[in-house]
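Listed below, chain by chain, are the residues.
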Amino acid sequence: MSRTKTYLELSQDDGTAHKFYEVVVEGTVVSVRYGRIGATGQVQTSSFPTVEKAQAAASKKIGEKVRKGYAPAVQGQRAARPVTRRQVTSAPSTAGSTAPVLWRFRTGSAAFGIHIDEDRCWVGNQAGDVYTLGHDGEVLARYSLPDGVKCLVADDFWIYAGCDDGKVYDLSSKLPFAAYDIAADVDIFWLDIREGVLNVSGADGGLTVIDHEDEHQWARKSAGGQAWMVRADEQAVYHGHQRGVTAYSPDGSGELWHTPTTGAVLFGWQEDTAVYAGTARNVVQRLSKRTGAVEATFRCDTAVYSCATSPDGRYVFAGDSSSSVYCFAADGTRLWKLRTGGGSALSMQYREERLYMVTTDGSLVCMDAGESAVASAQQGTVPVARDIKSAAALPTYTPAASLTAMATVSAPPAGGVVVECVQTGGKLRVHVVSDGFEPSWNVQFPRGIREAGARYVVDALHPARSGFYRVRGEIRRLV
């Protein structure tokens, strides 16, 4: 049986594209493999009634890519995207007692990703595992992603995991999918998202902003590198790096303010009127969102890896490089320093009188942070922590490896919404077919499974304030 292979690459100088496209024809079967240069990529396979029709289909696909700028290349000559894994040290705590930990769950690998919402606790580690737990510590499910998790972020009830493979995965349904694909020249350090707009901070101190269609909006290069902090609200994007914190207008029109910090910024937290920067020089600093002025300083004993506050900054918490967690009053007074019970806290989040931390030993730690618990901890009285075990038959969800791996339906189920891929202005967009929706609005939809003319069924669509729809639930192909 004859076999032909065509390998193409598109690698642009500005880093907005760094992709390959491979077409293999074996008799009447055409296999297409595509993805980011250096990665395995995704595969689509189609069968045709004759060899001639298979070759014609392959030629059409190749021609479409060449017209978009792809060119013949030798596989392996171009390097894969840069990836920096955060290298951290964690010393034993010098504190005499352990913090008021209620429970801890060990994931098996150092963890940076954390998100706590009304229903669940999410933790993502460098092995690419994301676990969900109830607030009582019950392990509910596991997502297995292709690469290490940099961070977890949420936008309403959509949960996203930024990974070392350069993709940002939507975990809002059982089948994860890549919602954003970051440009190859961006070495991702941290993410934040607001109303579908993704803010990406990177190794070189850059800030890149991408819209809901996964298209570049604007970028800035801050004064310092190693940008581990990005937080956004309707007034600004707050970007923390080696030289301090810089606030930019959300539309990218300019810098609003820049404030040098005491040491390089390693983590950021925000409240309504202030941002908090944890630094390598052992402090957390509270900065005014309006002016950038430093309003308070909270002093720790070693480098601060993470920080968080209770509402309006009544209590300020910090995790250092020596496996300790601190609690401060709003004016900077240290109330206590205690052991985390699970290594150094690389990220943390406060919610409803509990402080959740993810640590260098891969633990998700739930700590009582209510006023009475804070006071009791000052007196050395803390609860006995529970160690949580995962169920043997834990449900595990992985991204679809290809378009053909998607579930299919022959008719829309009751309540399902039909969407269709259409060519608009030279770009492949997704619009709603079902009645009751605005047909001119685009649907935020994974690029890896778009195919011109294809129809899909989604469980639900929700409108975003900026004029597009977001998918909620499972995506199935309509055949």
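The model shown is predicted, which means the values in this text are computed figures rather than measured ones.

Trainee: Tell me what's going on with the packing of aromatic side chains, and back it up with residues and numbers.
Mentor: Considering all chains together, one arrives at 19 aromatic pairs under this definition. Seen from their ring centres, Tyr315 and Phe317 are 6.5 Å apart, and the 50° between their planes marks the pair as tilted. Residue Tyr315 is classed as buried on the basis of its relative accessible area, which comes to 11%. Taking 5.0 Å as the distance between ring centres and 50° as the angle between the ring planes, the aromatic pair formed by Phe445 and Tyr456 counts as tilted. Of the two residues, Phe445 is situated in the loop between strand E39 (443–444) and strand E40 (455–464) and Tyr456 in strand E40; the sequence distance between them amounts to 11 residues. We note that Phe445, like Tyr456, is buried. By the ring-pair criterion, three or more aromatic residues cluster together here, those being Tyr276, Phe298, Tyr326 and Phe328. Positioned above the aromatic ring of Trp158 is the side chain of Arg470, whose terminal nitrogen or guanidinium carbon lies 4.3 Å from the ring centre.

Trainee: Lay out the nonpolar core with the relevant residues and their values.
Mentor: By size, the foremost hydrophobic cluster in this structure holds 81 residues, and its most contacted members are Leu355 and Phe445. Tallying contributions element by element places strand E15 (residues 188–194) first for this core, with 5 residues. Once residues within four sequence positions are removed from consideration, Phe445 is found in contact with Val419, Val430, Arg450, Tyr456, Val458, Val471 and Ile475. Within the second largest apolar cluster, 16 residues are counted, among which are Ile114, Leu133, Val139 and Leu364.

Trainee: Explain unusual backbone geometry to me, and be specific about the residues and the numbers.
Mentor: Notably, Asn282 is not glycine yet its phi reads approximately 75°, a positive angle. For Asn282, the location among the structural elements is in the loop between strand E24 (274–279) and strand E25 (283–288). Classification of Asn282 by relative accessible area gives partly exposed; the value is 25%. With phi around 65°, Asp312 is a residue other than glycine that occupies positive phi space. By the secondary structure assignment, Asp312 is in the loop between strand E27 (304–309) and strand E28 (315–320).

Trainee: So what's going on with the sheet that holds strand E35 (residues 396–397)? Residues and values would help.
Mentor: Either a parallel or an antiparallel arrangement is found when strands of a sheet pair, and the pairing is made through backbone hydrogen bonds. A sheet is described by the order of its strands in space; here 5 strands give the open sequence E7-E8-E9-E10-E35, paired in mixed fashion. Each edge of the open sheet carries a strand with a single partner, namely strand E7 (111–116) and E35. Judged from the 5 bridges that link them, strand E9 (residues 129–133) and strand E10 (residues 139–144) form a sheet pairing that is antiparallel. Counterpart to Thr132 in the pairing with E10 is Ala141.

Trainee: With reference to specific residues and values, describe the sheet that holds strand E33 (residues 363–368).
Mentor: If you trace the 5 strands from one edge of the open sheet to the other, you get E31-E32-E33-E6-E34, paired in mixed fashion. In the strand order of this sheet, the two ends are held by strand E31 (345–351) and strand E34 (386–388), each with one partner. The average angle at which neighbouring strand axes cross in this sheet is 20°, direction not considered. Here strand E6 (residues 101–106) runs beside E33; their pairing, made up of 5 bridges, is antiparallel. Note on E33: the bridge partner recorded for Val101 is Met367.

Criteria and thresholds
Residues numbered from 1 in each chain as written. Predicted model: local features only at pLDDT ≥ 70, side-chain atom pairs only at ≥ 80, totals over all residues. Heavy atoms only, no water. Phe/Tyr/Trp six-rings, centres within 6.5 Å; stacked < 30°, edge-to-face > 60°. Buried < 20%, exposed > 50% of the residue type's maximum accessible area, 1.4 Å probe, protein only. Helix = DSSP H or I, 4+ residues; strand = E, 2+ residues; numbered from the N terminus. Lys NZ or Arg CZ within 6 Å of the ring centre and 35° of its normal. Core = buried A, V, L, I, M, F, W, Y, C linked by side-chain atoms within 4.5 Å. Contact = heavy atoms within 4.5 Å. Pairing = 2+ DSSP bridges. Axes fitted to C-alpha atoms, helices over the stretch in contact; angles between N-to-C directions.

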